[in-house]
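Structure at a glance
Here is how the chains run, residue by residue.
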Amino acid sequence: MNVMDLDQIDVDAPIFDPSAFRLDEAEAELNALARRIGKARFAPRAARYDRDATFPTENYKDLHETGLLAISVPKEHGGLGAGFRAYATTAAEIGRYCGATALTWNMHVCSCLWSGPLSDDLDMDEETRATHLRRRAKHYERIVRDGAIFAQPFSEGGAAAAGVVPFSTSAKRVDGGWIINGKKIFASLSGAADYYGVLCGEMKSGERPSRKDTMYIAVPATAEGVEVVGEWDPLGMRGTVSRTLLLKDVFVEDDQALMPRGVYYQAAARWPHMFMTLSPTYLGIAQAVFDFTVRYLRGEIPGTGPEKRRKFPTKQIAVAQMFVMLQQTKALWFQAVSEARADPTKEQVLRAYAAQYTVMENANELAQLAIRTCGGQSMLKSLPLERLYRDSRCGSLMLPWTAELCLDRIGREALYNPGETDD
Ligand SMILES: Cc1cc2nc3c(=O)[nH]c(=O)nc-3n(C[C@H](O)[C@H](O)[C@H](O)COP(=O)(O)OP(=O)(O)OC[C@H]3O[C@@H](n4cnc5c(N)ncnc54)[C@H](O)[C@@H]3O)c2cc1C
């Protein structure tokens, strides 16, 4: 099926109805494209990637072919020009059909959002900005022209990915570039990415490492000293192929910096919604779980027998509970992603934590309810529900905004203003 034929397929109803949620035309079109490609191509392949724990390479070819690989590359550079909400709502639609594709696509798209619209909102002197604009033009070209795929390894197994201490992966300044050393765990897209967008700390001689010196640098997968190690046989999100990345004395040229010095630290403080970009995948899973449940209880899932289970009042109540939970989740999340911007108010930041927490926890709770309500046959591996259930489990543990850390921050930041103590 080519791209034109995608227009012919019978798409599912949108997660966010464009007129009800007042999406702009570009958002509505991107969401519709994601639904078409998701239903026609990603959904039929999802079980195989999950079973084999392999990267959805074919899906990435489709993302390139349809332009979605460059969704957040500005139009003047040949991309689709999507801002934060346009990307997030589109990613939710992809997550409905293949969680692993949506989650890994997030790592890739962040390389464009962070170096693009986020960086545009942040302070830089004129020279720094000019250099950044020149460098990111090259970055965009690799995606648009060559279909280059970017991973985003920042997790190290310690407190750095939680945003508490500096990254222990180090970048040392040398003539013409950087020497990078370190180890990243859960590097999604390992072995499949063309570049690893590595978060690391600049080593300055005579100074203690500081989070202010965090760098975001694209390390080519083919660079000497880059190695992917370890097994990958997890509970869920198996197609993400999140293995361990070792970086040993890797030389990277200056122009591979995706953000100038100091800008990642500024972004983390001033553009906190940047850490919400993993949530769309799980919103899509939540919607997929609900859609499956309704179709299953109506007897519409092929191969599940003639029984229409919808007549039982207990099942109707469960579906009602699921609908309420899904609507609460969608409404809060949509509000939070609509508020993403530089320097949000305190309430907007707390709402973003609340939205992230709600999506990640509710996706899994909805999947649990769905299995209980649909019954034993629904969790057979021949049906997508058991994959949705396993995939949904991983959302709450994604750093830096795990479900626990969101609660931790809401509690503290609601009760204390910056700098306040009880002493
Ligand atoms: C399918 C999948 C794909 C992933 N893909 C990526 C990826 O592409 N890139 C990437 O960088 N990461 C990725 N991750 C990793 C993820 O974001 C987390 O970093 C990882 O799950 C943390 O595992 P851990 O065992 O180190 O967790 P934990 O031990 O829970 O957390 C690590 C450290 O964070 C701090 N911490 C955690 N919770 C708290 C708390 N409540 N209070 C205070 N401190 C706390 C502690 O210092 C703790 O030692 C992925 C994870 C999964 C499951």
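Residues numbered from 1 in each chain as written. Predicted model: local features only at pLDDT ≥ 70, side-chain atom pairs only at ≥ 80, totals over all residues.

The name an unreviewed UniProt entry assigns to the chain is Dibenzothiophene monooxygenase, from the organism Tepidamorphus gemmatus. Quoted verbatim from the Subcellular location (unreviewed entry) field of the UniProt record, the comment on the chain reads "Cytoplasm". In its Sequence similarities (unreviewed entry) section, UniProt records this for the chain: "Belongs to the DszC flavin monooxygenase family." (UniProt positions renumbered as here; feature names shortened; annotations may be inferred.)

Our focus in this paragraph is the overall build of the chain. The number of helices and strands found in the chain is eleven helices and eight strands. For the chain, whose C-alpha radius of gyration is 21 Å, the value lies close to the compact-globule estimate of 22 Å for 423 residues. Seen through its C-alpha atoms, the chain measures out along the principal axes to roughly 70 × 60 × 45 Å. The buried share of the chain, reckoned over its 423 residues, is 47%. Contacts in the chain between residues far apart in sequence, at least 24 positions, make up 77% of those at least 6 positions apart. (Helix = DSSP H or I, 4+ residues; strand = E, 2+ residues; numbered from the N terminus. Rg over C-alpha atoms; globule rule 2.2 N^0.38 Å. Buried ≥ 20, exposed ≤ 12 C-beta atoms within 10 Å, placed from the backbone. Contact = placed C-beta atoms within 7 Å.)

Another point: the environment of Ser188. In this fold, Ser188 is placed in the loop between β3 (177–187) and β4 (195–203). Given 24 C-beta atoms within a 10 Å radius, Ser188 is considered buried. Residues Ser188 and Arg238 lie 50 residues apart in sequence; the distance between their C-alpha atoms is 9.9 Å.

We now examine the site of the ligand. The immediate surroundings of the ligand are formed by 24 residues, with Ser155, Ala159, Phe186, Ser188 and Met237 found nearest. Of all the secondary structure elements, the ones that give two or more residues to the shell around the ligand are β3 and α11 (403–415). Per-element accounting of the shell around the ligand gives the leading share, three residues, to α11. Taken together, the residues of the shell around the ligand sort by class into 14 nonpolar, eight polar and two charged. Here the shell around the ligand spans two domains, and each of domain 2 (151–261) and domain 3 (271–415) adds at least three residues to it. (Near = placed C-beta within 6 Å. Nonpolar A, V, L, I, M, F, W, Y, C, P; charged D, E, K, R; others polar. Domains from an automatic or database assignment.)

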